[in-house]
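# Analysis of the macromolecular model
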Amino acid sequence: MSTNDTFLAVFLGSKTNAKMAAWNALPEAERRAKEQQGIAAWKAWVEKHQAAIAAMGGPLGKTKKVDANGIADIANEMGAFMVVRAGSHEDAAKMFENHPHFTVFPGERVEIMPVLPIPGG
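Presented here is a report on the structure given in the accompanying data block. What you see is a predicted model; the values in this text were computed from it and never measured.

As a further point, take helix H2 (residues 28–49). Here H2 contains 22 residues, and its C-alpha end-to-end distance of 31 Å stays within 8% of the 32 Å for a straight helix at 1.5 Å per residue. Along H2, the residues that are buried comprise Arg31, Gly38, Trp45, Val46 and His49. For H2, the buried positions fall inside an angular range of 95° around the axis, keeping them on one side. Facing away from the buried side of H2 by more than 90 degrees, the exposed set consists of Ala29, Gln36, Lys43, Glu47 and Lys48. Residues of H2 that are buried make contact with helix H1 (18–25), strand E2 (53–59), strand E5 (78–85) and helix H4 (100–103).

Counting 16 residues, the largest nonpolar core has Trp45, Met82, Val84, Phe96 and Ile112 as its most contacted members. For this core, the elements supplying multiple residues, two or more each, are strand E1 (6–12), H2, E5 and strand E6 (109–114).

Before going further, it helps to examine the environment of Ala80. Here Ala80 lies in strand E5. In sequence terms Ala80 and Ala40 are 40 residues apart; their C-alpha atoms lie 17 Å from each other. Apart from residues lying up to four places away in sequence, Ala80 is in contact with Ala9, Val10, Phe11, Gly58, Pro59 and Leu60.

Turning our attention to the sheet that holds E6. Strands sit in the order E2-E5-E1-E6 across an open sheet of four strands; the sheet is antiparallel. Bordering the open sheet on either side are E2 and E6, each of which pairs with just one other strand. Averaged over all adjacent pairs, the angle separating strand axes in this sheet is 15°, with direction ignored. Inspection of the sheet shows E1 paired to E6 by six bridges, in the antiparallel sense. From the neighbouring strand, Phe7 faces E6, where its bridge partner is Pro114. In the packing of H2 onto the sheet, the strands contacted are E1, E2 and E5, and the crossing angle to E2 comes to about 160°.

To continue, consider the layout of surface pockets. Here the largest pocket is characterised by a volume of approximately 410 Å³. Lining the largest pocket are 19 residues, with Phe11, Trp42, Gly79, Ala80 and His101 positioned closest to its centre. Among the secondary structure elements, those contributing two or more residues to the lining of the largest pocket are E1, E2 and E5. When residues in the lining of the largest pocket are grouped by element, the largest group, five residues, is from E5. Partitioning the lining of the largest pocket into residue classes produces twelve nonpolar, five polar and two charged. Lining the second largest pocket are Lys15, Leu60, Gly61, Lys62, Thr63, Lys64, Asp73, Ile74, Ala75, Asn76, Met78 and Gly79. Put simply, the parts of the chain that give the lining of the second largest pocket at least two residues each are strand E3 (63–67), strand E4 (70–74) and E5.

Reading guide: rules and limits
Residues numbered from 1 in each chain as written. Predicted model: local features only at pLDDT ≥ 70, side-chain atom pairs only at ≥ 80, totals over all residues. Heavy atoms only, no water. Helix = DSSP H or I, 4+ residues; strand = E, 2+ residues; numbered from the N terminus. Expected span 1.5 Å × (residues − 1). Buried < 20%, exposed > 50% of the residue type's maximum accessible area, 1.4 Å probe, protein only. Arc of directions from axis to C-beta. Contact = heavy atoms within 4.5 Å. Core = buried A, V, L, I, M, F, W, Y, C linked by side-chain atoms within 4.5 Å. Pairing = 2+ DSSP bridges. Axes fitted to C-alpha atoms, helices over the stretch in contact; angles between N-to-C directions. 1 Å grid on protein atoms, 1.4 Å probe; cavity = no way out; pocket = protein on both sides within 12 Å on 5 of 7 lines; lining within 4 Å. Points joined across faces, edges and corners; volume = space filled by probe spheres on them. Nonpolar A, V, L, I, M, F, W, Y, C, P; charged D, E, K, R; others polar.

This is the structure we're talking about:
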């Protein structure tokens, strides 16, 4: 996989943001219906961009931090990731416009960054 056209997309959202609070406040039947709508929209997005998806990635679990003080459980906003290929950083970002992560689900944003070559590698 070439790194000059490869991008990491990270799906972010806080568990304490207003969108998540509103999502959690929905009646269970309404939330389940929205989940089904979101899953269908996400599958359609994957189908539309299948040729550009280098690695599907997936959901991320609980986080551990390791530093000079040792190991600790922490929370962050990262919820999932995937790797895509595109002609430019802008093209990669455009793939995620109106993504179900934040148009249906209570996610806040998708951040897209280039995968850079390892110096001297």
